[in-house]
Amino acid sequence: MAVGRRIATLFPHIDTQDMSDLGPSPLVSGQELHVRAAREAIHAALRPITDTMTVPLEGALGRVLAADVVSPIDVPAHDNSAMDGYALHGAALSADVPTVLQALPSTVFAGAPYGGQVAAGECIRIMTGAVMPEGLDTVVPIELCRVDGHSVSIAPSVLRAGENRRKRGEDLARGGVALPAGRLLRPADLGLAASLGLQTVQVFRPLRVALFSTGDELRTPGQPLEPGCIYDSNRYSLLGALQRLGVEILDLGLVPDDPVALQRTMERAIAEADAVVTSGGVSMGDADYTRDLLAKMGEVAFWKVAMRPGRPFAFGELKHGGRSAWLFALPGNPVAALVTFYAFAREALLALGGATPNPLVTLQARSLAPLRKRPGRTEYQRGIVSRADDGHWQVQITGAQGAGILRSLSQANALVVLAHEQGSVAAGEPVTVWLFDGLV
Ligand code: AMP
Ligand code: MG
């Protein structure tokens, strides 16, 4: 089904003019698409990759699990001590009078279980992680004991039976799911897999993403800058954003505003990649051939999204030579390109790579300045988040917010996200922010 039609089915309340695969000129239609609707439409259309591979744990950070990791063992494998102290029979403890026990002349170390018996009235020195001797269920930490020769005395009520003992399988029982499929693997996950004795995990192959910039005026750093030309910055911002996502990148460089060159580059991207991220060439002033060409190559929706910056945005599926690739055509303005990447492409690329989407971690921070905002569009303002003296987060907008002012994006450490319905914000009011550290 065409993306546009699929979207129209999903969002009957939205003017499909804005989402048509190719209207006569969909961008000039009056109505704009809500950011949320655009995001949901993208997710409804996507089909994640399914190819899997096995990788060693050492190379699995940031990869996406293709199958549940099931524990082959109980973790921990034995009841063991959570403290350095004395292991004892919990039944010997008293709430009213001191408990006095006779310590055996040996110590139980981690990795060296004690084979003997500990009788009533006795206890045994034990170290953290050591297997609990048979029949013992409690460990008294060394700092709660009074030791006098072989006599160990424990004050009343300092400890209950069963304390400071880790039970076999309490972390994870054999056969239990340790990590679910779709998990983007983090450091602790690798440690958990290792604690199960696993050397490898099954992951999706990395997503391959082609990237190029379009525009006759663009030059690559290192080239001379003729009058009227500018350096291509988007490819470098987006390269960085893609590198942080852990995808394989196919950098196709700069493509002039020329239909033949554009078609050739797209064909190569479709042949070699799962997704294509482009910048420039989708705004109103751009030659219609972009839209004509993309529409000819697949099912592409050109949206005018109710957001600032970054209104023009195209999404779809391109086909060529029996292969297909997902297109994310971002606006050319440097700030708009990165903001639309974060607003739409980032999460979509994670999902395409097989990851179960996690809600983005956001922060509430007090706006230091009043913010002008009209309801009816989502606004992303560049801000610097810091901690106030009272411990709360605060955010200062980084001056001029023009869509081309890249320096203010570089100075910022967060985006202030003002919701579609929201109006102006008074100084001191809380706003939602996306920390750049959380976006990567
Ligand atoms: P466009 O979306 O192609 O109409 O471009 C909008 C604005 O962004 C124009 O001023 C372009 O020169 C600028 N622009 C487009 N692509 C890039 C790029 N890759 N790097 C820097 N600026 C760009
Ligand atoms: Mg252009």
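Residues numbered from 1 in each chain as written. Chains lettered and ligands numbered in written order. Predicted model: local features only at pLDDT ≥ 70, side-chain atom pairs only at ≥ 80, totals over all residues. Heavy atoms only, no water.

A.B. asks: Is there a simple way to explain the packing of helix 2 (residues 35-45) against helix 7 (residues 334-352) in this structure?
C.D. replies: It is at 10 Å that the axes of helix 2 and helix 7 come closest, and there the two elements cross at 25°. Taken together, the axes of helix 2 and helix 7 lie roughly parallel to each other. Crossing of helix 2 against helix 7: the hand is right-handed. Along its contact with helix 2, which presents Val35, Ala38, Arg39, Ile42 and His43, the element helix 7 presents Ala343, Phe344, Glu347, Ala348 and Ala351. Of the residues in the contact of helix 2 with helix 7, the class split is seven nonpolar, one polar and two charged. (Axes fitted to C-alpha atoms, helices over the stretch in contact; angles between N-to-C directions. Helix = DSSP H or I, 4+ residues; strand = E, 2+ residues; numbered from the N terminus. Parallel < 35°, antiparallel > 145°, perpendicular 65-115°, else oblique. Left-handed = near helix turned anticlockwise from the far one by under 90°. Contact = heavy atoms within 4.5 Å. Nonpolar A, V, L, I, M, F, W, Y, C, P; charged D, E, K, R; others polar.)

A.B. asks: Teacher, can you tell me more about the side chain of threonine 99 here?
C.D. replies: Mapped onto the secondary structure, threonine 99 falls in strand 5 (residues 99-108). According to the relative accessible area criterion, threonine 99 is buried, its value standing at 6%. Reaching out from threonine 99, the side chain makes a polar contact with the backbone oxygen of alanine 92 at a distance of 3.4 Å. Within polar-contact distance, the side chain of threonine 99 engages the backbone nitrogen of serine 94 at 3.4 Å. When neighbours within four sequence positions are excluded, threonine 99 is seen to be in contact with Ala92, Leu93, Ser94, Val152, Ser153 and Ile154. (Buried < 20%, exposed > 50% of the residue type's maximum accessible area, 1.4 Å probe, protein only. Polar contact = N/O pair within 3.5 Å; in protein donor to acceptor, adjacent residues only side chain to side chain.)

A.B. asks: Which parts of the structure should I look at to understand the site of ligand 1?
C.D. replies: Every one of the 16 residues lining ligand 1 counts as a neighbour, but Glu217, Asp232, Gly281, Ser283 and Gly332 are closest to it. Glycine 332 has a polar backbone atom sitting 3.0 Å from an oxygen atom of ligand 1. The contact in question runs from an oxygen atom of ligand 1 to an N or O atom on the backbone of asparagine 333, over 3.2 Å. Relative to its unbound accessible surface of 490 Å², ligand 1 loses 78% to contact with the protein. Of the residues contributing to the shell around ligand 1, the split by class is four nonpolar, nine polar and three charged. (Near = heavy atom within 4 Å. Areas by Shrake-Rupley, 256 points an atom, 1.4 Å probe, with all protein chains shown as cover.)

A.B. asks: Explanation requested: the sheet that holds strand 13 (residues 208-214) in the structure shown.
C.D. replies: Hydrogen bonds between backbone groups are what pair the strands of a sheet, and the pairing can be parallel or antiparallel. Reading across the sheet, the six strands line up as 16-13-17-21-20-18 and stay open at both edges, with mixed pairing between neighbours. Of all the strands in the sheet, just strand 16 (248-255) and strand 18 (298-304) have a single pairing partner and so form its edges. On average, each strand axis in the sheet is inclined to that of its neighbour by 15°, with strand direction left out of account. Note that strand 13 and strand 16 share six bridges and pair parallel. Among the inter-strand pairings, threonine 214 is bridged to a residue of strand 16, identified as valine 255. Seen against the sheet, helix 5 (residues 259-272) touches strand 13, strand 16, strand 17 (275-279), strand 20 (312-320) and strand 21 (323-330) and runs at an angle of roughly 175° to strand 16. Where helix 6 (residues 289-297) meets the sheet, it contacts strand 18, strand 20 and strand 21, and its direction lies at approximately 140° from that of strand 18. (Pairing = 2+ DSSP bridges.)

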